[in-house]
Amino acid sequence: MARNDGVDRTSVRNANLKKEEIGDVQRHNEREKDSYSNPDIIPERTPLNVHFKEPCSSYHEIFDTMLEEKMISTRGLKADASVFGELVFDVNSSYFFNHGGYEYAKQFYSDAYQAAIEIVGGEQYILSAVMHADERNRAMSEALGQDIFHYHLHVVYIPVVEKQILWSKRCKDKSLVGTVKETIMQVSSSKKWLSKPALDESGAPILRVDGKPVLKKSYSVLQDDFFNYMKAAGYADVERGERGSSEEHLTVTQFKVMKETERLEDLEEQIEESGVTLAQIHDQIESGNETLRQVEHDTRKAEDAADAAGKKLADMEKKAGAQARLFREVDGMGKKNLAGNIMFTPAEAGELKSMAKKGIAAGRRISELEERAARAEKDARIWKRRYEKLLGQVQDYLAAVKKAPERVAGFLRSLLAEKNLPQQRHPERAHRKDVEL
């Protein structure tokens, strides 16, 4: 309830929109999105939304068709000018809750739509008018212990003003110069929402000290027009949004929704960061399991030289099992809200960050063990080649031992005995040595 003062107030807000902005507006108003950042939108209630004028195609296509059929004109318009407008009609949620809810809201906004037609200047310039009945008022729902919905009306239109095109001096018929050549409905947000002179009780313009008229802001005029129309339609139990307050541009309810949206976006950023962390942990575990299988295969091939790597492998299996259990616990963290987004508690977010750091450290350790296993396998291959070479060199000896072990043994004994005999001095060398002495 606005300000909690028990007063029900009407409000209407206008937004000038460029071509590149209207697509998002259409997707929101016509509920064309798959998901919404606002968790208070309840998709199951979307069929309860009421179109007082349903668009026959996209907002862009309707605009282009009206341009082709010369219902509107963009003559003299800048390329980046606003060519669409959106009016949002609103009353605080408690007003409809106290008057019967949904059915009363439909009648109220049906009458508000008629006010929109007058404000815009004709129903032909309205592209879409839809009452949203699927947005939950969280504050009131929590306060009353039941779902309370915030009914409001979106009206998308083309802002036009009547413009007379005069014959110029270049006209051959000089009698026509300065007279009206044609009248067009020019698209112009700035001219549509010009400030108007403020009038006193007698209808005379209110003047400033310098004699210039006091201008009344267009949004203030808009608030007055809507309030006066609804009062004339029989809704005497609502008041106009306060002058000089933020309600000229943004109602208290809309301000609350804006703040809630900002808070939600902050939470979504945190969840997104947590989602990245979960992905990193998952990748680390998958990478660890793959590396584990590779190390196990290489360790078996490395024989004795890979024993040390095998022990490390056992440790890694234990750690990988613990990581797998941890991943299952992580997978169960968080709770889904009504919009399907996952929300984490501060404790869970902190635990996820801690696990991400441990996962990164584990990845580095796995990489080191993989390198050691690769070196062990390389050493094993070198020793295997040396063994095969030596085996080739003694192959004949081994065959002889197998065929005649006694003869080979006798030959070796005689060979070793001959090698151990003392060497005799050469006679000539001994004689030469004696002479020298």
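No experiment lies behind these values; they were computed from the predicted model shown.

How each quantity is defined
Residues numbered from 1 in each chain as written. Predicted model: local features only at pLDDT ≥ 70, side-chain atom pairs only at ≥ 80, totals over all residues. Heavy atoms only, no water. Helix = DSSP H or I, 4+ residues; strand = E, 2+ residues; numbered from the N terminus. Contact = heavy atoms within 4.5 Å. Areas by Shrake-Rupley, 256 points an atom, 1.4 Å probe, with all protein chains shown as cover. Salt bridge = Lys/Arg side-chain N within 4 Å of Asp/Glu carboxyl O. Buried < 20%, exposed > 50% of the residue type's maximum accessible area, 1.4 Å probe, protein only. Phe/Tyr/Trp six-rings, centres within 6.5 Å; stacked < 30°, edge-to-face > 60°. Pairing = 2+ DSSP bridges. Core = buried A, V, L, I, M, F, W, Y, C linked by side-chain atoms within 4.5 Å. Polar contact = N/O pair within 3.5 Å; in protein donor to acceptor, adjacent residues only side chain to side chain. pLDDT = per-residue confidence, 0-100. Axes fitted to C-alpha atoms, helices over the stretch in contact; angles between N-to-C directions. Parallel < 35°, antiparallel > 145°, perpendicular 65-115°, else oblique. Nonpolar A, V, L, I, M, F, W, Y, C, P; charged D, E, K, R; others polar.

Draft legend 1. Here's a closer look at the overall build of the protein. The secondary structure content of the protein amounts to 13 helices and 12 strands. A separation threshold of at least 6 residues defines the contact pool for the protein, and within that pool the share at least 24 residues apart is 70%. For the protein, the accessible area works out to roughly 27,700 Å², and carbon and sulfur atoms hold 52% of it.

Draft legend 2. Main features of the pattern of salt bridges. One pass over the structure, following the stated rule, counts 10 salt bridges. In this structure, Asp24 and Arg27 form a salt bridge, with 2.4 Å as the shortest nitrogen-oxygen distance. Residue Asp24 and its partner Arg27 are both found in helix α1 (residues 19–29); the two are separated by 3 residues, about one turn of the helix. Residue Arg27 is classed as partly exposed on the basis of its relative accessible area of 36%. Residues Lys106 and Glu103 are paired through a salt bridge, measuring 3.4 Å at the closest nitrogen-oxygen approach. You can see Lys106 and its partner Glu103 sitting in helix α4 (residues 102–120), 3 residues apart, about one turn around the helix. Taking relative accessible area as the criterion, Glu103 reaches 52% and is therefore assigned exposed. The structure contains a network of salt bridges with shared partners spanning Arg31, Asp134 and Glu135.

Draft legend 3. Expanded view of the packing of aromatic side chains. Summed over the entire model, instances satisfying the criterion amount to 14 aromatic pairs. Each ring, one from Phe96 and one from Tyr109, has its centre 5.4 Å from the other, and the planes form 40°; the classification is tilted. Taken together, the residues Phe96 in helix α3 (residues 93–98) and Tyr109 in helix α4 connect sequence positions 13 residues apart. A residue is classified by how much of its surface remains accessible, and Tyr109, at 0% relative accessible area, is buried. Aromatic pair Phe96 and Tyr151: ring centres 5.9 Å apart, planes at 85°, arrangement edge-to-face. With Phe96 in helix α3 and Tyr151 in the loop between α5 (138–144) and β5 (152–157), this pair connects stretches of sequence that are 55 residues apart. No difference in accessibility class separates Phe96 from Tyr151, as the two residues are buried.

Draft legend 4. Examining the sheet that holds strand β1 (residues 9–17) more closely. Reading across from one edge, β2-β4-β5-β3-β1-β10 is the order of the 6 strands in this open sheet, with mixed pairing throughout. With partners counted over all chains shown, the strands left at the sheet margins are β2 (50–53) and β10 (239–240), one partner each. With 3 bridges joining them, β2 and strand β4 (residues 126–132) adopt antiparallel strand pairing. Its bridge partner being in β4, Lys53 is matched across the sheet by Ala129.

Draft legend 5. Structural detail: the environment of His150. One can find His150 in the loop between α5 and β5. For His150 and Glu135, which are 15 residues apart along the polypeptide, the C-alpha to C-alpha distance reads 5.6 Å.

Draft legend 6. Summary view of unusual backbone geometry. For Arg31, which is not a glycine, the phi torsion comes out positive at approximately 55°. Among the secondary structure elements, Arg31 is positioned in the loop between α1 and β2. Taking relative accessible area as the criterion, Arg31 reaches 12% and is therefore assigned buried. Of note, Lys70 is a non-glycine position whose phi angle comes to about 60°, a positive value. The class of Lys70 is exposed, set by a relative accessible area of 74%.

Draft legend 7. How the structure looks around the nonpolar core. In this structure, Leu87, Phe89, Phe108, Tyr109, Met131 and Tyr151 are the most contacted members of the largest nonpolar core, which totals 52 residues. Looking at this core, the element that brings in the most residues is α4, giving 11 residues. If we skip the residues at most four places from it in the chain, Tyr151 touches Arg45, Asp90, Val91, Phe96, Gly101, Tyr102, Ala105, Tyr109, Met131, His132 and Ala133.

Draft legend 8. View of the environment of Glu30. By secondary structure assignment, the location of Glu30 is in the loop between α1 and β2. Spatially, the C-alpha atom of Glu30 lies 9.1 Å from that of Glu54, the residues being 24 residues apart in sequence. Residues in contact with Glu30, not counting those within four places in the same chain, are His51, Pro55, Tyr59 and Ser128. For Glu30, the side chain forms a polar contact with the side chain of His51, separated by 2.7 Å.

Draft legend 9. Representation of the confidence of the model for the protein within the structure. When pLDDT is averaged across the protein, the result is 77; 71% of the residues are at 70 or more. Per-element averaging of pLDDT across the protein places helix α13 (residues 427–436) at the bottom with 48 and β4 at the top with 97. A low-confidence stretch, residues 243–255 (pLDDT under 50), is modelled with 30 contacts involving residues beyond four sequence positions or located in other chains. Every residue in residues 430–437 is under pLDDT 50, and counting partners more than four places away or in other chains gives 2 contacts.

Draft legend 10. Region of the structure containing the packing of α1 against helix α2 (residues 59–68). Between α1 and α2, the least distance of the axes is 9 Å, while the angle of their chain directions is 125°. Taken as axis vectors, α1 and α2 run oblique relative to one another. In contact with Lys19, Ile22, Val25, Gln26 and Asn29 of α1, α2 contributes Tyr59, His60 and Phe63. Across the contact of α1 with α2, the residue classes tally to 4 nonpolar, 3 polar and 1 charged.

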